[in-house]
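The chain contents come next:
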Amino acid sequence: MSNAIIRSTRELKLLFPDMRVTTSNIFDWCSIIPSKQRIRRILMKHFKLISNGRWSYFE
């Protein structure tokens, strides 16, 4: 499951380099993953969180 999320995140960054990687964007991109919490946990393990309140994103 985590490999699929990481792979999809890298694909999203490759196809749309200006788009920020957020939990909601990945949730929309990988419509098979049922939980935003699971996506967020995996992203926090593998990417750096840039915290800006409501507009937080990952690099």
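Residues numbered from 1 in each chain as written. Predicted model: local features only at pLDDT ≥ 70, side-chain atom pairs only at ≥ 80, totals over all residues. Heavy atoms only, no water.

Caption draft 1: Molecular detail of helix α1 (residues 2–15). The first and last C-alpha atoms of α1 sit 20 Å apart over 14 residues, in line with the 20 Å expected at 1.5 Å per residue. Looking at the buried positions of α1, the neighbouring elements they touch are α2 (23–29) and α3 (36–46). (Helix = DSSP H or I, 4+ residues; strand = E, 2+ residues; numbered from the N terminus. Expected span 1.5 Å × (residues − 1). Contact = heavy atoms within 4.5 Å.)

Caption draft 2: Quick look at the nonpolar core. Of all hydrophobic cores here, the largest spans 12 residues; its members are Ile-5, Ile-6, Leu-12, Val-21, Ile-26, Cys-30, Ile-33, Ile-39, Ile-42, Leu-43, Phe-47 and Phe-58. Of all the elements in the fold, those that place two or more residues in this core are α1 and α3. When sequence neighbours within four positions are dropped, the list of residues in contact with Ile-6 reads Ile-42 and His-46. (Core = buried A, V, L, I, M, F, W, Y, C linked by side-chain atoms within 4.5 Å. Buried < 20%, exposed > 50% of the residue type's maximum accessible area, 1.4 Å probe, protein only.)

Caption draft 3: Examining α3 more closely. Along α3, the residues that are buried comprise Ile-39, Ile-42 and Leu-43. Buried residues in α3, looked at end-on, bunch into an arc of 100°, giving them a common side. In α3, the exposed residues that point more than 90 degrees away from the buried face are Gln-37, Arg-41 and Lys-45. (Arc of directions from axis to C-beta.)

Caption draft 4: Region of the structure containing the side chain of Thr-22. Within the secondary structure, Thr-22 sits in the loop between α1 and α2. On the basis of relative accessibility, which here comes to 18%, the residue Thr-22 falls in the buried class. Leaving out residues up to four positions away in the same chain, Thr-22 has contacts with Ser-56 and Tyr-57.

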